[in-house]
Amino acid sequence: MSHLSNKDLEQFRQRLLAYLAEVKQEIHDRLVNEGTDESISLAGKVHDAQAESMSVAMSQINRGMLKMYLHDLKDLEMALERIDSGEYGICIDCDEPIARARLDAYPMAKRCIKCQSLREQD
Ligand SMILES: [Zn+2]
């Protein structure tokens, strides 16, 4: 059970959706800037695509920034799915609620601070 109210969840959903649109726009613009036939044709599909199919299609032209946006895109999609499934705001490693301040700062967070820092030490 989430520690967030439906109203909170709705606010996070709106923020995530807004960020998702931004990230897709960035990917789109960067692909257009690449200027190859392949990247331009991919750019036309960005807005309807899921992260998974994007990442397969982009493996050919995957560069630093694009990779980063693609990573964000996956995290955003996962966070939105977790809102729908009622798991949003719960740490995927320890099942404890993720601190509200952390979610406010980073709405895609899927781990609590403790688990995240453990992971980063690996
Ligand atoms: Zn945790």
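Just so you know, these numbers come straight off a predicted model, no measurement behind them.

Got a minute to help me understand the environment of R119 in this structure?
Within the secondary structure layout, R119 lies in helix α6 (residues 113-121). Accessibility expressed as a relative area gives 45% for R119, which makes it partly exposed. Spatially, the C-alpha atoms of R119 and V23 are 25 Å apart, while their sequence positions differ by 96 residues.

Looking at this structure, I do not really get the side chain of R82. What am I missing?
Mapping R82 onto the fold places it in helix α4 (residues 64-85). Look at R82 and you get buried, because its relative accessible area is 11%. Reaching out from R82, the side chain makes a polar contact with the backbone oxygen of I90 at a distance of 2.5 Å. Residue contacts for R82: discarding those within four places in its chain leaves E87, Y88, G89, I90, I92 and K110.

Is there a simple way to think about the nonpolar core in this case?
Nonpolar side chains in soluble globular proteins tend to be buried together. If you look at the biggest cluster of nonpolar residues, it comprises 31 residues, and the most contacted ones within it are L16, I27, L31, M54, M58, L73 and Y88. Listing elements by their share of this core, those giving two or more residues are α1 (6-34), α2 (37-43), α3 (51-57) and α4. If you tally residues by element for this core, the top one is α4, at 8 residues.

Honestly, the coordination of the zinc ion in this entry has me stumped. Any pointers?
Ideal values differ by geometry: the angle at a metal is 109.5 degrees with four tetrahedral donors, but 90 or 180 degrees with six octahedral donors. Looking at the zinc ion, one finds its protein donor set to be C91 (SG), C94 (SG), C112 (SG) and C115 (SG), positioned 2.2 to 2.3 Å from the metal centre. In this structure, the zinc ion is coordinated by 4 donor atoms arranged in tetrahedral fashion, with angles at the metal of 104 to 117°. In terms of primary sequence, the donors binding the zinc ion are separated according to C-x2-C-x17-C-x2-C.

The rules behind the values
Residues numbered from 1 in each chain as written. Predicted model: local features only at pLDDT ≥ 70, side-chain atom pairs only at ≥ 80, totals over all residues. Heavy atoms only, no water. Helix = DSSP H or I, 4+ residues; strand = E, 2+ residues; numbered from the N terminus. Buried < 20%, exposed > 50% of the residue type's maximum accessible area, 1.4 Å probe, protein only. Polar contact = N/O pair within 3.5 Å; in protein donor to acceptor, adjacent residues only side chain to side chain. Contact = heavy atoms within 4.5 Å. Core = buried A, V, L, I, M, F, W, Y, C linked by side-chain atoms within 4.5 Å. Donors = N, O, S within 2.8 Å, 3.2 Å for Na, K, Ca; no water. Tetrahedral: all angles 85-135°; square planar, octahedral: opposite > 155°, others 65-115°.

These figures come from the coordinates and say nothing about function on their own.
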